[in-house]
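Inside the fold
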Amino acid sequence: MKKIFIYAALLSCLILGCKKKEKPSEPSQAGAYELEKQVLSRGGKDSTIKRTQVKIYTDRHYMYASIVPDSSVGFGVGTYTLDSANRITERSIYTSRALDSSITNKLEITRRPDGYTQIIPDYATVQGVKYVLKEDYKRFAPADTSVLDGLWKMEKTYTIKGKDTIPTDVTQYKIFWAGHFTFIHRLPRNPEKTRFKNGFGTGIFSFRNDTLREEEVISNYALLRGHKFAIKITLNGRDEYTQVINSATNGQSVEIYKRVK
């Protein structure tokens, strides 16, 4: 009798199809997001900050870049881990505030179908007053994946004008993910390197046939906003690439990037 029941169950599976239990999908923070609202709480008082900001998470890195009404630029880049579905630990690699000094932030995450809310409960403590930062983000629609997806650091850049090769002193990172990109940089404004300028640009991209096509959407540089680039890319394996931009007035700009792991 037992064999009959087993046979009947197997036959039922063959005819009707046996449904396997689907594992619940793992939470993922990967994606590109635009800041909708930022509120800083201190001593029970809330202040809404006017800020244009974009944040991109890859599978293990993040980058954000922002600009406020006075044109000041802020940015941060680093690694992150999902401690749980609703908790993230971010460890900075480079920021406009602390440069290469590492900062660790614990984020509390509330996910929504169109984005998420993050809270940093221990954002800062000044003269005994605790500051809490809350940010609401809306997700950009994802596009195609690319071999460029990930975080990159510019190792070398120079401009060729005629017979002259002019190196550029700049710290620059760039992140690509699901059709979106952001770059951030810091460069000296005088030979003594006592004054610096922060900059960023973010937008959409595609990469096909060794050509990177970018459209700058947000940037602190007015000349970049709305501009479209077609950039020749030479891949040196998976972890290094060279890009070349030709300009009739500024010569040939060469940038060499290495993947941050």
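Residues numbered from 1 in each chain as written. Predicted model: local features only at pLDDT ≥ 70, side-chain atom pairs only at ≥ 80, totals over all residues. Heavy atoms only, no water.

**Describing the overall build of the protein chain**
What counts is decided by this rule: Secondary structure elements follow DSSP: runs of H or I no shorter than four residues count as helices, runs of E no shorter than two count as strands, and numbering proceeds from the N terminus. We compute the radius of gyration from the C-alpha atoms alone; for a globule the expected value is 2.2 Å times N to the 0.38, where N is the number of residues. Type-normalised accessible area, obtained with a 1.4 Å probe on protein chains alone, sets the label of each residue: buried when under 20%, exposed when over 50%, and partly exposed for intermediate values. What sets the accessible areas is the Shrake-Rupley method with a 1.4 Å probe; for residues, cover comes only from the shown protein chains. Think of it this way: Lys and Arg go in the positive column, Asp and Glu in the negative one, and His and the chain ends go nowhere. Where a charge sits is defined by one atom per residue type, namely NZ (Lys), CZ (Arg), CG (Asp) or CD (Glu).
Looking only at helices and strands, one finds one helix and 18 strands in the protein chain. At 23 Å, the protein chain has a C-alpha radius of gyration far larger than the 18 Å of a compact globule built from 261 residues. When the backbone C-alpha atoms are referred to their principal axes, the protein chain occupies close to 90 × 55 × 30 Å. Here the protein chain, with 261 residues, has 39% of them falling under the buried criterion. Split by element, the accessible area of the protein chain, about 15900 Å² in all, is 52% carbon and sulfur. With 42 positive and 28 negative side-chain charges, the protein chain shows a spacing of 3 Å between the two charge centroids.

**Observations regarding the nonpolar core**
Here is the rule we go by: Among buried residues, those of type Ala, Val, Leu, Ile, Met, Phe, Trp, Tyr and Cys that are joined through side-chain atoms within 4.5 Å constitute a nonpolar core. In this description, contact between two residues means that some pair of their heavy atoms is separated by no more than 4.5 Å.
Among the nonpolar cores identified, the biggest contains 20 residues, and Met63, Leu151, Tyr173, Ile184 and Phe200 are the most heavily contacted of them. Elements with a minimum of two residues in this core: strand 3 (52-57), strand 4 (61-67), strand 5 (73-84) and strand 12 (171-177). Setting aside anything within four residues of it in sequence, one finds Phe200 in contact with Ala65, Ser66, Ile67, Val73, Phe183, Ile184, Ile218, Ser219, Asn220 and Tyr221. Counting 15 residues, the second-largest nonpolar core is a separate cluster that includes Phe183, Leu212, Tyr241 and Tyr257.

**Quick look at the pattern of salt bridges**
Cut-off, in case you're wondering: Put simply, a salt bridge is a Lys or Arg side-chain nitrogen that is within 4 Å of an Asp or Glu carboxyl oxygen.
Following the criterion strictly, the structure yields 10 salt bridges and no others. For the salt bridge of Arg208 with Asp144, the shortest nitrogen-to-oxygen distance reads 3.2 Å. One end of the pair, Arg208, is in strand 14 (residues 196-208); the other, Asp144, is in the loop between strand 9 (129-139) and strand 10 (150-161), with 64 residues separating them in the sequence. Neither Arg208 nor Asp144 differs from the other in exposure class; each is exposed.

**So, the packing of aromatic side chains**
Short version of the rule: Centres within 6.5 Å are what make two rings of Phe, Tyr or Trp a pair, Trp counting through its six-membered ring; a difference in plane orientation under 30 degrees is then read as stacked, over 60 as edge-to-face, and the rest as tilted.
Evaluated as defined, the whole model comprises 11 aromatic pairs. Pairing Tyr33 with Tyr57 gives two aromatic rings, centres 6.3 Å apart and planes at 80°, and the pair type is edge-to-face. Taken as a pair, Tyr33 in strand 1 (residues 31-42) and Tyr57 in strand 3 lie far apart in primary sequence, 24 residues in all. Considered together, Tyr33 and Tyr57 belong to a single accessibility category, that of buried residues.

**Structural notes on the pairing of strand 11 (residues 164-167)**
Convention followed: The pairing criterion is simple: DSSP has to find at least two bridges between the two strands.
In this sheet, strand 11 lies alongside strand 10 in antiparallel orientation, the contact comprising four bridges. When the sheet's bridge partners are listed, Tyr158 is paired in strand 11 with Pro167. Hairpin remark: strand 10 followed by strand 11, antiparallel, with two residues in the connecting loop; positive phi at Gly162, about 65°.

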